[in-house]
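# A structural walkthrough
So the chains spell out like this:
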Amino acid sequence: LTARIAGEGAAAWNIHYRALARQQAGEDITVLSVGDPDFTTPTRIMDAARDSLYAGNTHYADVQGKVALREAIVNHYRKYGVTASPDQLIVLAGAQCGLYATAQCLLDPGDEVIVPEPSYVTYEAVIQSTGAQLVRVALQADRGFQLDVGDIAAAITPNTRAILLNSPHNPTGSCIEPDQWLAIAELCRAHDLWLISDEVYSDLVFEVSHTCAASLTGIEDRTVVISSLSKSHAMTGWRLGWVMGPPALINHLSNLALCMLYGCPDFIQDAGIAALSGDHRELEQMRDAYRQRRDAICEALTGSDAVSAVPPAAGMFVMVDIRRTGLSSGEFADRLLDEHGVSVLSGEAFGPSAAGFVRLSLTQSPESLKQASLRLRQCAEACLSTNSECL
Ligand code: PMP
Ligand code: GLN
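Only a predicted model underlies this, so the values are computations on that prediction, with no experimental measurement involved.

Let's shift gears to the overall build of the protein. Along the protein, the regular secondary structure elements total 12 helices and 13 strands. Overall, the protein is about 65 × 55 × 45 Å in size when its C-alpha atoms are taken along their principal axes. Put simply, the protein has 391 residues, and 49% of those count as buried. For the protein, long-range pairs separated by at least 24 residues make up 75% of all intrachain contacts whose partners lie at least 6 apart in sequence.

As structure tokens, this is what we get:
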């Protein structure tokens, strides 16, 4: 087995699978360890898939993606001030597939990719699979995990090939601000770097508006935006996403897609057209629900001397600071599951800068999140008092 496909990514979800197994065995477990929306995909989208399937769309589809879907994606980007054309898009099986394919097309052994850390757990293996290396730049917990562009600049070497950013960010929910984007664009231009922007949470913004990397001027020939319908439309299981970038890269990706995928299923692409073309009220309702859920967690943790939430401006996760408990985030997550029946992910799974934090997913009702947060608080406060007794 090649050591290139290494990385800690897959291990991050071990606790999640343990929680699911216990839940299936009948235990009362609240699962907050994965970013998979609990909403069912809106009915009109499912209807579109069924109608397309029964209309006989069971054959190979366009490898680059149906033109009508690529046009719908182009329209979707207008709200971010992006004017693209369908030849700048390829439809792939989710953003994950887009990230992997993009890495194969852009990176060579010895290249370096700068990634703010904590970061989404698959990035390391994706980058390493090409022989390139991930170079971490810490997002400081005490600055609310906000990016410092100066740190990115300082990490650039002659081997740097790309900067990979994720805004809104998994796991912290932090967002890159417009002036930071301008500074990043300038770095990419000055140092001849690709900007790879993972924007899967772009539609789940609460107090901020999303800046799409493709709206930056002067770096259009080196900007790649990767996204999907997984989070915005509660469609994780449909596996539908895309890569938007310069046509030369898209041609390259199409060649790769020919070898590895041969097109996303036609009827699923039709569901994607319905998702992007229809009434967006249900999306707004989901986004409002995530906001209420975030507030329920933050409220339940307010005033605790053992834990505090870092309220995210976007995304579908809340990071909770458990440093005062004296446990590592892995130990705390284990104890919370074993003794209080709540599963969360350890911050360390996302990188050393999130040590001392755990990540809660906003994928349950506000009431259930409130109960789970109170259990988390109880667990942390018990650790704190044990700690103080030991001192
Ligand atoms: N990027 C980030 C930051 C994610 O959190 C995820 C997981 N949803 C993905 C990419 C992969 O998303 P998809 O389901 O579209 O493959
Ligand atoms: N992106 C989701 C998360 O961060 C899960 C995706 C997965 O299970 N691979 O939890």
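A word on the site of ligand 1. Around ligand 1, 13 residues are found, and the nearest of them are G94, A95, Q96, S228 and S230. The biggest single contributor to the shell around ligand 1 is helix α4 (residues 94–106), with 3 residues. Each residue belonging to the shell around ligand 1 can be placed in one class, and the counts come to 3 nonpolar, 9 polar and 1 charged.

Next up on the list: unusual backbone geometry. A cis geometry characterises the amide bond from E117 onward to P118, with omega recorded as 10 degrees. Topologically, P118 is positioned in the loop between β3 (112–117) and α5 (123–128). Its identity as a non-glycine residue notwithstanding, F145 has a phi of 60 degrees, on the positive side. Mapped onto the elements, F145 comes out in the loop between β4 (133–138) and α6 (149–155). The backbone of Y262 shows a phi angle near 60 degrees, a positive value even though the residue is not glycine. Examined against the element boundaries, Y262 turns out to sit in the loop between α8 (247–260) and α9 (266–277). Note on Y262: 10 C-beta atoms within 10 Å, which makes it exposed.

This part is about the UniProt feature "domain: Aminotransferase class I/classII large" (unreviewed entry) in the protein. UniProt records the feature "domain: Aminotransferase class I/classII large" (unreviewed entry) at residues 28–372, using the numbering of this structure. Between the end C-alpha atoms of residues 28–372 the distance is 11 Å, and the span holds 38% helix and 17% strand.

With 5 of 6 residues buried, β3 lies mostly within the body of the structure. Bridge analysis of β3 against β4 gives 6 bridges, and the strand direction is parallel. Looking across to β4, one finds that E117 is bridged to A138. For the segment spanning β3, α5 and β4, crossover handedness is right-handed. Relative to strand β5 (residues 160–166), β3 runs parallel, the two being bridged by 3 bridges. Note that in β5 the partner of V113 across the bridge is A162.

So, how was this worked out
- Residues numbered from 1 in each chain as written.
- Chains lettered and ligands numbered in written order.
- Predicted model: local features only at pLDDT ≥ 70, side-chain atom pairs only at ≥ 80, totals over all residues.
- Helix = DSSP H or I, 4+ residues; strand = E, 2+ residues; numbered from the N terminus.
- Buried ≥ 20, exposed ≤ 12 C-beta atoms within 10 Å, placed from the backbone.
- Contact = placed C-beta atoms within 7 Å.
- Near = placed C-beta within 6 Å.
- Nonpolar A, V, L, I, M, F, W, Y, C, P; charged D, E, K, R; others polar.
- UniProt positions renumbered as here; feature names shortened; annotations may be inferred.
- Pairing = 2+ DSSP bridges.
- Right-handed = clockwise from strand over helix to strand, strands pointing away.

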